[in-house]
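Fold and geometry: a report
Below, each chain spelled out in residue letters.
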Amino acid sequence: MAATIIDGKAVAQEIRAEIGAKVKALAAAGITPGLAVILVGEDPASVSYVTGKEKACAELGIASLGRHLPADTGQDELIALVRACNADPRIHGILVQMPLPKHLDEKAVIAAIAPEKDVDGLTPINIGRMILEEPCFVPCTPAGVIELLKRSGVPTKGAHAVIVGRSNLVGKPLMSLLIRKSLNATVTLCHTGTADLASYCRSADILIACAGSVGLVRGDWVKPGACVIDVGVNRVEDPTAKKGFRLKGDVEYDAAAQVAGWITPVPGGVGPMTITMLLANTVEAAARAGV
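As a starting point, this report considers the structure included with it. (Residues numbered from 1 in each chain as written. Predicted model: local features only at pLDDT ≥ 70, side-chain atom pairs only at ≥ 80, totals over all residues. Heavy atoms only, no water.)

**Focus: the nonpolar core**
One recurring pattern in soluble globular proteins is that nonpolar side chains are buried together. Grouped together as the largest cluster of nonpolar side chains are 54 residues, with contacts concentrated most on Leu149, Leu178, Ile208 and Ile229. No other element matches helix 10 (residues 271-290), which puts eight residues into this core. Ignoring any residue separated from it by four or fewer positions in sequence, one finds Ile229 in contact with Ile6, Val145, Leu149, Leu207, Ile208, Ala209, Thr264 and Val270. One finds Cys190, Val217, Ala226 and Val251 within the second-largest nonpolar core, a separate group that totals 20 residues. (Core = buried A, V, L, I, M, F, W, Y, C linked by side-chain atoms within 4.5 Å. Buried < 20%, exposed > 50% of the residue type's maximum accessible area, 1.4 Å probe, protein only. Helix = DSSP H or I, 4+ residues; strand = E, 2+ residues; numbered from the N terminus. Contact = heavy atoms within 4.5 Å.)

**A few points about the pairing of strand 5 (residues 93-96)**
Neither face of strand 5 is exposed, since Gly93 and Leu95 on one face and Ile94 and Val96 on the opposite face are all buried. Bridge count between strand 2 (residues 34-40) and strand 5: four bridges; the pairing is parallel. Note on strand 5: the bridge partner recorded for Leu35 is Gly93. (Pairing = 2+ DSSP bridges.)

**Focus on the sheet that holds strand 8 (residues 206-209)**
Pairing within the open sheet is parallel, and its six strands lie in the order 1-12-9-8-6-7. Looking along the sheet, the strands with just one partner apiece sit at the ends: strand 1 (4-5) and strand 7 (186-190). Relative to strand 12 (residues 262-263), strand 9 (residues 227-230) runs parallel, the two being bridged by two bridges. What sits directly across from Val228, in strand 12, is Ile263. This element, helix 7 (residues 171-178), spans strand 6 (160-164), strand 7 and strand 8 of the sheet and lies at about 170° to strand 6. (Axes fitted to C-alpha atoms, helices over the stretch in contact; angles between N-to-C directions.)

**Quick word on unusual backbone geometry**
Here the amide bond leading from Met98 into Pro99 is cis, since omega sits at 0°, within 30 degrees of zero. Tracing the backbone through its elements, the reader meets Pro99 in the loop between strand 5 and helix 4 (106-111). Cis geometry is adopted by the peptide bond preceding Pro267, which originates at Val266 and carries an omega value of 0°. In this fold, Pro267 is placed in the loop between strand 12 and helix 10. Located in the positive-phi region is Glu133, a residue other than glycine, with phi close to 60°. We note that Asn184 has phi near 60°; this positive angle belongs to a residue other than glycine. Mapped onto the fold, Asn184 is located in the loop between helix 7 and strand 7.

**A short note on helix 10**
Here helix 10 contains 20 residues, and its C-alpha end-to-end distance of 30 Å stays within 8% of the 28 Å for a straight helix at 1.5 Å per residue. On its buried face, helix 10 is in contact with helix 1 (8-28), strand 2, helix 2 (44-60), strand 5 and helix 6 (140-151). (Expected span 1.5 Å × (residues − 1).)

**Topic: the packing of helix 6 against helix 10**
Where helix 6 meets helix 10, the axes come as close as 8 Å, and the angle between the chain directions of the two elements is 105°. Judged on the interaxial angle alone, helix 10 and helix 6 are roughly perpendicular. Between helix 6 and helix 10, the contacting residues are Cys140, Thr141, Ala143, Gly144, Glu147 and Leu148 on the first element and Met273, Thr274, Met277, Leu278 and Asn281 on the second. Looking at the contact of helix 6 with helix 10, its residues break down into six nonpolar, four polar and one charged. (Parallel < 35°, antiparallel > 145°, perpendicular 65-115°, else oblique. Nonpolar A, V, L, I, M, F, W, Y, C, P; charged D, E, K, R; others polar.)

The structure is reproduced here in structure tokens:
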């Protein structure tokens with residue numbers, strides 16, 4: 001029996017409707033949520049992502065206070081801009097678009113963001129608060145994955161969740177979130193050094209692929225009835241496609257969909273959730289600032 005497709009676009013629209021209602025409530029109190037997305041350089045993928053974020057802000061009534069800087073911007077200049085955004089009361093959320101040009105220190109730039117405006121959830125303070133289960137902003141993609149699980153009715157309590165990928169952006173935060181008592185999953189975190197990766201995947205009730213390796217997880221690695229969340233977004237050359245490429249995930253989708261109980265497509269699965277959770281965090285930051 002084919003898997004139930006988890007439609008990330010539909011779930012994202014549901015959440016955006018909830019966000020829109022919160023924006024209206026804040027507007028009634030004289031508060032307009034503001035998001036500053038800082039882009040350095042003209043990397044095509046980054047420009048596309050930033051454009052998408054700015055469009056989403058406009059649709060929901062969130063002020064987009066973006067800052068676009070040339071690729072040769074210096075470290076001191078960039079950090080000075082971040083600090084200026086920290087001090088600007090119109091700005092409730094700050095996101096520095098990654099990756100930065102190689103001459104810039106990403107960790108130092110992220111650390112300069114005020115924790116209360118770190119709507120991407122990447123500062124050391126917010127990461128620490130997340131692990132301690134204190135109020136914080138959770139990284140957007142992991143937060144989106146958790147929402148997909150909850151809103152799709154995927155059981156997590158007592159489930160064995162296997163995460164393939166140990167990045168600071170997705171894998172590690174997901175591990176921390178899934179072991180919380182509210183979700184109560186048992187988590188195995190796999191990576192490039194894991195021996196016999198297939199055996200771990202086959203044991204998963206919830207299998208989350210976030211390694212950034214196209215087709216890494218094969219269809220016969222999926223436990224029958226498991227929930228498969230594919231976070232991977234990989235560009236694969238395709239001369240028949242309008243843009244010359246197609247997006248593929250980390251999972252062999254067609255084969256896995258015949259075995260899994262639930263599965264996310266690529267595109268249209270986790271992707272729409274990332275920007276949506278960024279918007280949710282920005283509105284929450286505005287609400288906290290207005291208290």
